[in-house]
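This is what each chain is made of:
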Amino acid sequence: MEDYKFLFKVVLVGNAGVGKTCLVRRFTQGLFPPGQGATIGVDFMIKTVEVDGEKVKLQIWDTAGQERFRSITQSYYRSAHALILVYDISCQPTFDCLPDWLREIEEYANNKVLRILVGNKTDREDREIPRHIGEDFAQRHGMYFLETSAKEAENVERLFMEIAVELMEQAKCKELPKYDGSLGPINGKTTSVGDSGCCLRS
Amino acid sequence: MDDDLPTDFEVIVVGTGMVESIVAAACSRIGKNVLHLDSSDHYGGLWASYNFDGLQKFIKEVNADPKRQWPVYNLSEKWYIEKESSEPEQNEDKKEGDENKTDDSKAETQKKIWSQANFTAEYRKFNIDMTPKLLFSRGPLVELLISSNIARYAEFRCVTRVLTWLNDRLAPVPCSRADVFATEAVSIVEKRMLMKMLTSIVGYNEEEMNNEFKDWNDKTFKEYLTHKGLTPNLIHYVLYAIAGGTDKMPCLEGVKECKKFLMSLGRYGNTPFLWPMYGSGELPQCFCRLCAVFGGVYCLNRPIDKVEIKTLDEGKRVVAIQSKSKTLNCNNLVVGIDECPKEMLPTEPVETSDISKAVFITNGTIMPSEKEPLTLLRFPPLTEEGHAVTVLEVGPATGSCPKGLFVVYFITKMVKDAESDLQQYAARIFDFSGDQTAESDKPKCLYSLYYNVKDTSVPVQSVASEVHVCAGPDVGLDFDRAVEQAEQVFKKICPGEEFLPRAPDPEEIVFEDDVTHGPEFARHDDEEGDAQ
């Protein structure tokens, strides 16, 4: 089997154009994709990081554009360990939509999921949302908070590393949402430790 | 908000039921430009799963507007428990973490007394299917999910047991070879007989009608089983539980059903079946996700008003769809039967028999077992004119309900109406007294919902060749007909193209913008090689 001790599913949500894909690609590939080319065929990205000498594999899921008309499938939220809600600090409407996103998260995500609010695009000169407003909002809704710039690579590494650290800590105290017991993927690519406890290869 | 919706597409899909979603994924996967709409605010149409709140809203919506042609009718909902709990400790606003812990420890000692308020408080933990279905482990949907790589969006649990109703009680059906030999309900002689018969069924081949079955074309499966010398108990297992049939089932249909069952044994668990985590309603969404990943545009809450076929100057035809005062154009329209405007449907109605369904929520399993069971129960018809009844019992481990509860689905072909068709079966396995404290060997039913659904599973040809109408859910146990129909629709739209080729894993994707091109490769050798 692959060499990692923990596998966590991290999902991103937020309005179209706030930079979700850029955050993922900055972190996983170390680059800032030029232009707004739709990422055809990209489902989730994987990066293995090291926390306290242990390998942690992060599976980072993007919305595949379904957020554009507010049509994300519920199944997208299933089995997520962490959820990153992103807005654009230079675009008030993306901040105003946060309560709608929270409602959707409440409805479909596991209520123990780790939630992080991210104000992206700190490189922009035309900031509309002061940092403390974002911070306040996060605090009121029990979320972690960070401002990032995918373009300048500011705080991106930190965002995902903190998620990895926090999830690992939770995993060790067994506070993590548990998704075990299911057969898991039927193609046998991933083992799931559950009732059946075996690797299911087709 | 959705008025910046683009207007020109190669394929527009309306409705997010199973067939429509598979077609959408397949078209998008091979590069077609796809728009996928649904008139409601959630995925799945008649194939959806609802949480408890969503289910209530759905019932209200149908009851509030009976004039609209709903495919669902005769909805009858009933509670068997108090509105509010009389117990003082049920103060569980949002502290679900704590509440779970107490649940765990309490379950050991005493059963929770449920009230309607508890259901409301824990509404999110329910996933109640309108079209609950199983997957055969080696059936076409499992194979498609694996070959297309869509399996990565879903998780499954194995059905742990198959039960039947035999001699007025529930009886486990031995399904695997090991089961057959381990069971005490079957004698050694019977075991030999059964294994021999099952072996000949596995050898059955439709094309070359082999000797074993060639004289059985016009006889019933029961006659065949009797002819084989099977004892009444064995006939019951094979006919009612394994083939899911009735006394009238034609022999070859029974053989086919049995073969399907037997061929799916031994892949994942002890039975041939899988159940999708969080319910069957997840599956259409998995296909939608794939469609989106390959560029499909998604917009829920977007009903269509009118469909017209327009002929352009060069004689080219387009489908023009009116939706919220916007015209959407496409070469091919794929539309679920429940979303299809009447003008696109043939005028003579199709003869079908409707489906009777019920959902029960109970406080325990119909037959206790060591681990949480996931059960398929097949009832033989209890009355002369009745049909076989399929029962699926799913528990909290499937993400279908909170701890301490089970969701039990009943499905049969309609004779009179859902309640009269199914109540007598339910009464055999549930206690409807509503008294949760009284001792009983049956689980208590806390909530029931009966309803009928129009059987829209017969394929319908639309009046225009560019409009493809997708069938609704059938009464069958699996998704096989939906998969088959989706593939047919796809082949019509994209002849010669591969149906859902494997989607790459993230590790295999090369982003165009990261490729740093090296120096041009010296081509001479290649060219020479080609010339030879």
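Please read these numbers as outputs of a predicted model, since none were measured by experiment. (Residues numbered from 1 in each chain as written. Chains lettered and ligands numbered in written order. Predicted model: local features only at pLDDT ≥ 70, side-chain atom pairs only at ≥ 80, totals over all residues. Heavy atoms only, no water.)

### Overview of the overall build of chain B
Of regular secondary structure, chain B possesses 14 helices and 20 strands. A burial count over chain B gives 55% of its 532 residues as buried. Restricting to contacts in chain B with at least 6 residues of sequence separation, those with at least 24 account for 74%. About 24000 Å² of surface is accessible on chain B, with carbon and sulfur atoms providing 49% of the total. (Helix = DSSP H or I, 4+ residues; strand = E, 2+ residues; numbered from the N terminus. Buried < 20%, exposed > 50% of the residue type's maximum accessible area, 1.4 Å probe, protein only. Contact = heavy atoms within 4.5 Å. Areas by Shrake-Rupley, 256 points an atom, 1.4 Å probe, with all protein chains shown as cover.)

### Some details on the packing of aromatic side chains
Within the structure shown, the criterion is met by 36 aromatic pairs over all chains. Measuring from ring centre to ring centre gives 5.8 Å for A:Phe6 and A:Phe8, while their planes differ by 10 degrees; the resulting arrangement is stacked. Considering the side-chain rings of B:Phe490 and B:Phe499, the 5.5 Å spacing of their centres and the 45 degrees angle between planes classify their relative orientation as tilted. Residue B:Phe490 is classed as buried on the basis of its relative accessible area, which comes to 0%. Taken together, B:Phe52, B:Trp79, B:Trp114, B:Phe119, B:Phe126 and B:Tyr447 form an aromatic cluster joined through their ring pairs. Above the face of the B:Tyr278 ring, A:Arg78 is positioned so that its terminal group lies 4.2 Å from the ring centre. (Phe/Tyr/Trp six-rings, centres within 6.5 Å; stacked < 30°, edge-to-face > 60°. Lys NZ or Arg CZ within 6 Å of the ring centre and 35° of its normal.)

### Some words on the sheet that holds strand E4 (residues 72–79) of chain B
Residues and elements named next belong to chain B. In space, the 8 strands of this open sheet follow the order E4-E19-E15-E18-E17-E16-E8-E9, with mixed pairing throughout. Both edges of this open sheet fall to E4 and strand E9 (169–172), since each of them pairs with a single strand only. Across the sheet, the mean angle separating the axes of adjacent strands is 20 degrees when strand polarity is ignored. Summarising the sheet, strand E16 (residues 375–379) and strand E17 (residues 389–394) pair through 5 bridges and their orientation is antiparallel. Paired with Phe379 across the bridge in E17 is Val389. (Pairing = 2+ DSSP bridges. Axes fitted to C-alpha atoms, helices over the stretch in contact; angles between N-to-C directions.)

### Focus: the packing of helix H1 (residues 18–29) of chain B against helix H13 (residues 480–493) of chain B
All names here are of chain B. Close contact between H1 and H13 brings their axes to 8 Å; oriented N to C, the two are set at 40 degrees. Relative to H13, the element H1 lies oblique. Crossing of H1 against H13: the hand is right-handed. Contacts from Met18, Val19, Ile22, Val23, Ala26 and Cys27 of H1 reach H13 at Ala482, Val483, Gln485, Ala486, Val489, Phe490 and Ile493. Of the residues assigned to the contact of H1 with H13, the class counts are 12 nonpolar, 1 polar and no charged. (Parallel < 35°, antiparallel > 145°, perpendicular 65-115°, else oblique. Left-handed = near helix turned anticlockwise from the far one by under 90°. Nonpolar A, V, L, I, M, F, W, Y, C, P; charged D, E, K, R; others polar.)

### Considering the confidence of the model for chain A
Parts of the model with low pLDDT should not have their predicted coordinates read in detail. In the predicted model, chain A carries a mean pLDDT of 86, and the fraction of residues at 70 or more is 83%. Low pLDDT, under 50, characterises residues 189–202 of chain A; the stretch is placed with 31 contacts to residues that sit more than four places away or in other chains. (pLDDT = per-residue confidence, 0-100.)

### Side note on the nonpolar core
Among soluble globular proteins, nonpolar side chains are generally buried collectively. Among the nonpolar cores identified, the biggest contains 151 residues, and B:Phe119, B:Phe221, B:Phe287 and B:Leu500 are the most heavily contacted of them. Residues A:Val24, A:Ile84, A:Val156 and A:Ile163 belong to the second largest nonpolar core, which totals 32 residues. (Core = buried A, V, L, I, M, F, W, Y, C linked by side-chain atoms within 4.5 Å.)

### Quick word on helix H5 (residues 140–148) of chain B
Residue and element names in this part refer to chain B. Residues of H5 that are buried: Leu141, Val142, Leu144, Leu145, Ile146 and Ser148. For H5, the elements touching its buried residues are H1, strand E6 (135–136), strand E7 (156–158), strand E10 (273–276), helix H11 (282–293) and H13. At the C-terminal side of H5, Asn149 shows a positive phi close to 75 degrees.

### Here's the deal with the packing of H1(B) against H11(B)
All names here are of chain B. Two numbers describe how H1 lies on H11: the axes approach to 8 Å, and their chain directions differ by 20 degrees. In this view, H1 runs roughly parallel relative to H11, as classed from their interaxial angle. At the point where H1 passes H11, the crossing takes the left-handed sense. Residue-level inspection shows Met18, Ser21, Ile22, Ala24, Ala25, Ser28 and Arg29 of H1 in contact with H11, the latter providing Leu283, Pro284, Phe287, Cys288, Leu290 and Cys291. Looking at the contact of H1 with H11 residue by residue, the classes come out as 10 nonpolar, 2 polar and 1 charged.

### Some thoughts on the pairing of strand E15 (residues 355–362) of chain B
Residue and element names in this part refer to chain B. With 8 of 8 residues buried, E15 is to be regarded as a mostly interior element. Where burial is concerned, the two faces of E15 agree: the one with Ile355, Lys357, Val359 and Ile361 and the one with Ser356, Ala358, Phe360 and Thr362 are both buried. Where E15 lies against strand E19 (residues 445–453), 8 bridges are found, and the strand directions are antiparallel. From the neighbouring strand, Val359 faces E19, where its bridge partner is Leu449.

### Describing unusual backbone geometry
Residues and elements named next belong to chain B. At Asn74, a residue that is not glycine, the phi angle is positive and equals roughly 55 degrees. Tracing the sequence through the fold places Asn74 in strand E4. Phi angles above zero are rare outside glycine, and Lys324 is one such case at about 45 degrees. When you line up the elements, Lys324 lands in the loop between strand E13 (317–323) and strand E14 (326–336).

### Focus: the sheet that holds strand E5 (residues 114–120) of chain A
Residues and elements named next belong to chain A. Pairing is mixed in the open sheet, where 6 strands are placed in the order E2-E3-E1-E4-E5-E6. One side of each edge strand has no neighbouring strand; the edge strands of this open sheet are strand E2 (44–51) and strand E6 (144–147). Between one strand and the next, the sheet's axes are offset by a mean angle of 25 degrees, whatever the strand orientation. Note: E5 against E6, 4 bridges, orientation parallel. Residue pairing across strands places Gly119 opposite Glu147, the latter belonging to E6. In the packing of helix H1 (residues 20–29) onto the sheet, contacts are made with strand E1 (6–13), E2, strand E3 (54–61), strand E4 (82–88) and E5, and the angle to E2 comes to roughly 50 degrees. Contacting E4, E5 and E6, helix H4 (residues 131–140) runs over the sheet at an angle of about 160 degrees to E6.

### Digging into the state of the cysteines
All names here are of chain B. This structure, assessed with the given rule, holds 0 disulfides over all chains. The closest cysteine sulfur to the non-disulfide-bonded Cys291 is located on Cys288, 6.9 Å from its own sulfur. Looking at Cys291, the relative accessible area reads 0%, which means it is buried. Among the cysteines around Cys494, which has no disulfide bond, Cys27 carries the closest sulfur, lying 4.2 Å off. (Disulfide = S-S within 2.5 Å.)

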